[in-house]
Amino acid sequence: MVLPMTLFTPEDLLLYLYKESSPELTAAIEKALKEDWMLREKLAVLQSASQKTELDKVLVAPRMEVILRVMNYARETSTESVQHS
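Just so we're clear, the structure is a prediction, and the values are computed from it rather than from any experiment.

Parameters and conventions
- Residues numbered from 1 in each chain as written.
- Predicted model: local features only at pLDDT ≥ 70, side-chain atom pairs only at ≥ 80, totals over all residues.
- Heavy atoms only, no water.
- Helix = DSSP H or I, 4+ residues; strand = E, 2+ residues; numbered from the N terminus.
- Buried < 20%, exposed > 50% of the residue type's maximum accessible area, 1.4 Å probe, protein only.
- Contact = heavy atoms within 4.5 Å.
- Areas by Shrake-Rupley, 256 points an atom, 1.4 Å probe, with all protein chains shown as cover.
- Patch = residues over 30% accessible without salt bridge, like charges linked within 9 Å, V, L, I, M, F, W, Y side chains within 5 Å.
- Salt bridge = Lys/Arg side-chain N within 4 Å of Asp/Glu carboxyl O.
- Polar contact = N/O pair within 3.5 Å; in protein donor to acceptor, adjacent residues only side chain to side chain.
- pLDDT = per-residue confidence, 0-100.
- Axes fitted to C-alpha atoms, helices over the stretch in contact; angles between N-to-C directions.
- Parallel < 35°, antiparallel > 145°, perpendicular 65-115°, else oblique.
- Nonpolar A, V, L, I, M, F, W, Y, C, P; charged D, E, K, R; others polar.

**Comments concerning the overall build of the chain**
A count of helices and strands for the chain gives 4 helices and 0 strands. When the helices and strands of the chain are read in sequence order from the N terminus, they spell out α-α-α-α. A buried classification covers 20% of the 85 residues belonging to the chain. Restricting to contacts in the chain with at least 6 residues of sequence separation, those with at least 24 account for 60%. Only carbon and sulfur atoms are counted for the fraction: they give 61% of the accessible area of the chain, which is about 7200 Å².

Okay, structure coming up:
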């Protein structure tokens, strides 16, 4: 028995798309995809949207201000330890 597409929420499809769905949900969605063209269309729209927003390519880096503070702290700490020796 294939569940109708309306039983899969957009969240379910996103979990499937990013390979974070449970094995049971994955199997149910894959089975439904074979028989439900509307579900395939919905998944294709989500795939297209995720590629356009480049959700997978998010880069995280510290601000330059934070890097400079760490470097200054390290410099001050190393100078203090040399002076106390």
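Alright, that's what it looks like, and here's the rest.
**What to know about a nonpolar patch on the surface**
Side chains of M64, I67, L68 and M71 sit close together on the surface and give an oily, nonpolar patch of about 390 Å² of accessible area. On the basis of relative accessibility, which here comes to 35%, the residue I67 falls in the partly exposed class.

**Here we look at the side chain of S21**
The topology assignment puts S21 in the loop between α1 (10-17) and α2 (23-35). According to the relative accessible area criterion, S21 is buried, its value standing at 14%. Engagement of the side chain of S21 in a polar contact is seen with the side chain of T26, the distance being 2.5 Å. Here S21 is in contact with L15, Y16 and T26, once residues within four sequence places are set aside.

**A few points about the confidence of the model for the chain**
Overall, the prediction assigns the chain a mean pLDDT of 82, with 75% of residues at 70 or greater. Of all the helices and strands in the chain, helix α4 (residues 64-83) carries the lowest mean pLDDT, 84, while α2 carries the highest, 94.

**Focus: the pattern of salt bridges**
With the rule as written, the count across this model stands at 2 salt bridges. Between E65 and R63 there is a salt bridge whose closest N-O contact spans 3.8 Å. Its relative accessible area of 39% is what places E65 among the partly exposed residues. Its relative accessible area of 54% is what places R63 among the exposed residues. A salt bridge links E65 to R69; the shortest N-O distance between them is 2.8 Å.

**Quick look at the packing of α1 against α2**
Between α1 and α2, whose axes approach to 10 Å, the crossing angle comes to 100°. For the element pair α1 / α2, the angle class is roughly perpendicular. Along its contact with α1, which presents D12, L13 and Y16, the element α2 presents L25, T26, I29, E30 and L33. Looking at side-chain class alone, the contact of α1 with α2 contains 5 nonpolar, 1 polar and 2 charged residues.

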